[in-house]
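Structure at a glance
Listed below, chain by chain, are the residues.
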Amino acid sequence: MTARFVVARNPDTASTLPYLLRIPVAGPPLLLKAKDAWPRTSKVYCHPLDIWPDDADVVEEIAVRSCQRRGRAVDLVLDRGREHRSQFVFVTLRGGREAVFWQTAKTAAASRPGVRIPSRRASGLDDLEIVADTRERYGYRFAAQQATVRKAALRAGDYAVELDGTVIAAVERKSVADLVKRLVDGQLAFAMADLASLPHAAVVVDGRYADALRAEHVQPGFVADLLARVAVRYPSVPVVFAGSRKLAEEWTYRFLAAAYADAVGEQRYG
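What comes next concerns the included structure. Every value quoted in this text rests on a predicted model; they were computed, and no experiment measured them.

Calculation rules
Residues numbered from 1 in each chain as written. Predicted model: local features only at pLDDT ≥ 70, side-chain atom pairs only at ≥ 80, totals over all residues. Heavy atoms only, no water. Helix = DSSP H or I, 4+ residues; strand = E, 2+ residues; numbered from the N terminus. Buried < 20%, exposed > 50% of the residue type's maximum accessible area, 1.4 Å probe, protein only. Areas by Shrake-Rupley, 256 points an atom, 1.4 Å probe, with all protein chains shown as cover. Lys, Arg positive; Asp, Glu negative; His and termini not counted. Charge placed at Lys NZ, Arg CZ, Asp CG, Glu CD. Contact = heavy atoms within 4.5 Å. 1 Å grid on protein atoms, 1.4 Å probe; cavity = no way out; pocket = protein on both sides within 12 Å on 5 of 7 lines; lining within 4 Å. Points joined across faces, edges and corners; volume = space filled by probe spheres on them. Arc of directions from axis to C-beta. Pairing = 2+ DSSP bridges. Axes fitted to C-alpha atoms, helices over the stretch in contact; angles between N-to-C directions. Phe/Tyr/Trp six-rings, centres within 6.5 Å; stacked < 30°, edge-to-face > 60°. Lys NZ or Arg CZ within 6 Å of the ring centre and 35° of its normal.

What follows covers the overall build of the protein. Helices and strands together make up the secondary structure of the protein, namely 6 helices and 14 strands. Each principal axis of the C-alpha atoms in the protein carries an extent, and together these give about 70 × 40 × 35 Å. Looking at the protein residue by residue over its 270 residues, the buried ones come to 41%. A total accessible area of about 15,200 Å² is found for the protein, and carbon and sulfur atoms account for 51% of it. Within the protein, the 32 negative side-chain charges are centred at a point lying 4 Å from the centre of the 39 positive side-chain charges.

Here's what the structure looks like:
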């Protein structure tokens, strides 16, 4: 039987949330009260619903192509031409109150009109413990971020985060010169194979893609081919060209924080 997304009118006329939503996630469906029937112009505030009322007046019932829980979010894809992709994001508001925001790509972008290097906490974390490999020399200190660094031997990557003693995400740091060298001698492929065994992993480069193609004594096309080859072979481990060491350090912090927050969300809401 095809899973279906259901929108109904809330029979509780005293509620400020006039709609009810039934989202077919794996296991028991996710039940929510919502401010609107779809996030057309802005994010829609939602609140958990304990029991689906028998007298709910169904407005829409749409077949679902995909509904996946991903940490603190649920991605929903409906089987229709328009207004088919949306996401439910679980957040903790000030005071510890739980809430859910329903958004589309358009409404999410509208709430963040400008892009700049942020100074705010990553993924709402007051402090993130980052494990730095003991073999890492002249590494990131994360002095400008809300993070503390602990040294330990890592099986994969140069920086990692743990949950309940298990590494859940890691980042391998490379300069442009070291990236090219390890691509050519094949060591990067072995490192990426180790990274691919983790739930989340990436390689971050403190330079630009164009810089890698200008490496001395190596043909640009050869380097480009090697990069493409490892990207295809290890699709779960992106190679990110951050542009500078400072931006690479910031990207590493944000990536590890997001992976940690998602893992905590999976543990809490999954």
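So much for the structure itself; the text now carries on.
A few words on the environment of Thr 16. In this structure, Thr 16 sits in the loop between strand E1 (4–9) and strand E2 (19–23). With a relative accessible area of 59%, Thr 16 lands in the exposed category. Remark: the alpha-carbon pair of Thr 16 and Lys 35, spanning 19 residues in sequence, is separated by 7.3 Å.

This part is about helix H2 (residues 176–185). Turning to H2, its buried residues number three or more, namely Val 176, Leu 179, Val 180, Arg 182 and Leu 183. Those residues of H2 that are buried lie in contact with strand E12 (166–174), helix H3 (187–196), strand E13 (200–205), helix H4 (209–213), helix H5 (220–233) and strand E14 (239–241). A positive backbone phi angle near 90° is found at Gly 186, which sits one or two residues after H2.

Further remarks concern the layout of surface pockets. Considering only enclosed or pocket space, the second largest pocket measures out at about 400 Å³ in volume. Every residue lining the second largest pocket is counted, 18 residues in all, and those nearest its centre are Arg 135, Asp 158, Glu 172, Lys 174 and Ala 191. At the level of secondary structure, the elements contributing two or more residues to the lining of the second largest pocket comprise E12, H2 and H3.

Turning to H3, its buried residues are Leu 188, Ala 189, Met 192 and Leu 195. Seen from one end, H3 has its buried residues packed into an arc of 115°, which puts them on one side.

Moving on to the side chain of Thr 104. Mapped onto the fold, Thr 104 is located in the loop between strand E8 (98–103) and helix H1 (105–110). Those residues within four positions of Thr 104 in sequence are excluded, and the remaining contacts are Trp 38, Pro 39, Arg 85 and Ser 86.

What links the strands of a sheet is backbone hydrogen bonding, and the strands pair in either a parallel or an antiparallel sense. Judged by pairing direction, the barrel is antiparallel, and its 8 strands sit side by side in the order E1-E2-E3-E4-E8-E7-E6-E5 before closing back on the first. Strand-to-strand twist in this sheet, taken as the mean axis angle between neighbours without regard to direction, amounts to 35°. Strand direction decides the pairing type here: strand E7 (residues 85–92) and E8, joined by 6 bridges, are antiparallel. Counted as the bridge partner of Gln 87 is Gln 103 from E8.

Let's shift gears to the packing of aromatic side chains. All chains considered together, the criterion is met by 9 aromatic pairs. Of the aromatic side chains, those joined through ring pairs into one cluster are Phe 5, Trp 38, Phe 88 and Trp 102. For the cation-ring pair, Arg 80 lies above Trp 38, with the distance from its terminal atom to the ring centre recorded as 5.1 Å. Over the aromatic face of Tyr 140 sits the side chain of Arg 173, whose NZ or CZ is 5.3 Å from the ring centroid.

This part is about the sheet that holds E12. Taken together, 6 strands build an open sheet; the order of strands is E10-E9-E11-E12-E13-E14 and the sheet is mixed. Every interior strand has two partners, whereas the edge strands, strand E10 (147–152) and E14, have only one. On average, each strand axis in the sheet is tilted by 30° relative to the strand beside it, whichever way the strands run. Sheet analysis places strand E9 (residues 128–133) next to strand E11 (residues 159–163), joined by 2 bridges and oriented antiparallel. Across the sheet, the residue bridging to Ala 132 is Tyr 159, located in E11.

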